[in-house]
Amino acid sequence: MDFELNEEQKAIQALCRDFAREEVAPCAEEMDRNEEFPYDLVRKMAELGLLGLPFPEKYGGSDADTVSYALAIMELARVDASTAITLAAHVSLGASPIYLFGTEEQKQRYLVPLAQGKMLWGFGLTEPGAGSDAGAAQTRAVLENGSWKINGTKAFITNSGTDMTGGTTITAVTGEQNGRPEISNIIVPQDTPGFTRSKKYRKMGWRASDTRELSFVDAKVPQENLLGERGKGFQQFLTILDGGRISIAALSVGLAWGAYDEALKYAKERHQFGKPISKFQAIQFKLADMLTEIEHGKLMVMRAAWEKDMGREFELTASLAKLYSGEMSRRVVNEAVQIHGGYGFMEEYPVSRFYRDQKINEIGEGTNEVQRLVIARHIGL
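Definitions and limits used
- Residues numbered from 1 in each chain as written.
- Predicted model: local features only at pLDDT ≥ 70, side-chain atom pairs only at ≥ 80, totals over all residues.
- Heavy atoms only, no water.
- Phe/Tyr/Trp six-rings, centres within 6.5 Å; stacked < 30°, edge-to-face > 60°.
- Helix = DSSP H or I, 4+ residues; strand = E, 2+ residues; numbered from the N terminus.
- Buried < 20%, exposed > 50% of the residue type's maximum accessible area, 1.4 Å probe, protein only.
- Lys NZ or Arg CZ within 6 Å of the ring centre and 35° of its normal.
- Axes fitted to C-alpha atoms, helices over the stretch in contact; angles between N-to-C directions.
- Parallel < 35°, antiparallel > 145°, perpendicular 65-115°, else oblique.
- Left-handed = near helix turned anticlockwise from the far one by under 90°.
- Contact = heavy atoms within 4.5 Å.
- Nonpolar A, V, L, I, M, F, W, Y, C, P; charged D, E, K, R; others polar.
- Expected span 1.5 Å × (residues − 1).
- Bend = angle between axes of the 7 residues up to and from the residue.

J.: Honestly, the packing of aromatic side chains in this entry has me stumped. Any pointers?
T.: Both the distance between ring centres and the angle between the ring planes are used here to describe each pair of aromatic rings. Under the counting rule described, the total for this entry stands at 10 aromatic pairs. Between F195 and F216, the aromatic rings sit 4.7 Å apart at their centres with planes inclined by 10°, giving stacked as the arrangement. With F195 in strand β6 (residues 195-197) and F216 in strand β7 (residues 211-222), the pair connects residues that are 21 residues apart, well separated along the chain. A single burial state applies to F195 and to F216, both of which are buried. With 6.2 Å between their ring centres and 80° between their planes, F273 and F280 make a pair best called edge-to-face. When the ring centre of F280 is taken as reference, the NZ or CZ atom of K275 above it lies at 4.8 Å. Residue placement shows R353 over the ring face of F354; its charged tip is 5.4 Å from the ring centre.

The structure is reproduced here in structure tokens:
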């Protein structure tokens, strides 16, 4: 059993750590305060090859493995979750469906510029009335005269409305199979008539990322914009979410790691009763427990990523990692704020931002409750 990273993985980790500290950290607080999308950072990530990290070179990617990708997300989230989720959603939800299920023509037309970082892409699954029950989607796509006519609404879609966004792949009911809705995935370019984006949501966390509601009113796209087989959309998005859970688990670990970094630094600087609070056993035990949980979460993420790279079944380990890391990050960030005391409640300290950013990790890519259902199914319950 070898826990050592290979040289490529170490290099990508170091690259992302330096980028996060030197480029992201100085502007993270301001971007959060102003709810400002990080266009400059996204372009720099594209130049570094991060937007196409796990995709083959022939499609404009960097040909890295899932372990490297997870390490990249961790390092970015260690400084700023908004930047991390922008990358994670672009790769796991935006580009991956086209890579996994697209035709060669679709890959050349969409995946290549996505991997090169020339544009971003969204994935529209959730609806106002269909969250955990994704199969209850009400968006409809009817095939008429060689085109899909789409009507419906999508909610909470990341990277869907930026100036760099090229479009969104959506799930839609395209018919009926054995008395049940037939769900398919359809590629919808940004300039499609009848496809509109709302203003950005005002969010508790991830304020610098782009999240919007999407509306389709008789929006028409060519028949060949069907992604994969008709009626296979449900199975496709389950596969997409499995990979996405590794991303969110990595983001949770990185966020917790960043909160721990801040708490450790503060504990060494803050003096009470004539000495640094890091000298008090109560604070030492908090920090020891925080690091223990972070390392546990990191190992779970690395195992899920490694299993995916090895071509093994990774659905269970991805759900385990996502569930544990999300809840772990809540505990760690809460303790980080507690160590800061009253200052942890002030926006001038990063832990307050980490505290707000953390909660969505327990909701997105399948809630904690859904993860428990997935895990229960895998153990035969």
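Moving on from the coordinates now.
J.: Could you clarify how one ought to interpret the packing of helix α4 (residues 81-101) against helix α5 (residues 104-115) in this entry?
T.: Think of two packed helices as two axes; the pair is described by the angle between the axes and how far apart they sit. It is the contact of α4 with α5, at a shortest axis distance of 9 Å, that shows an interaxial angle of 160°. Between α4 and α5, the crossing angle belongs to the class labelled roughly antiparallel. At the point where α4 passes α5, the crossing takes the left-handed sense. Contacts between α4 and α5 pair H90, G94, A95, I98 and Y99 from the former with Q106, K107, Y110, L111 and L114 from the latter. Here the residues of the contact of α4 with α5 sort into 6 nonpolar, 3 polar and 1 charged.

J.: Sorry, what's going on with α4 here?
T.: Because an α-helix packs 3.6 residues into every turn, residues spaced three or four apart end up facing the same way. Relative to the 30 Å expected for 21 residues at 1.5 Å per residue, α4 spans 28 Å between its end C-alpha atoms, a close match to the ideal helical length. Along α4, the sharpest change in direction is near 45° and occurs at A95; proline P97 comes one to four residues later. Extensive coverage of α4 is indicated by the burial of 18 of its 21 residues.

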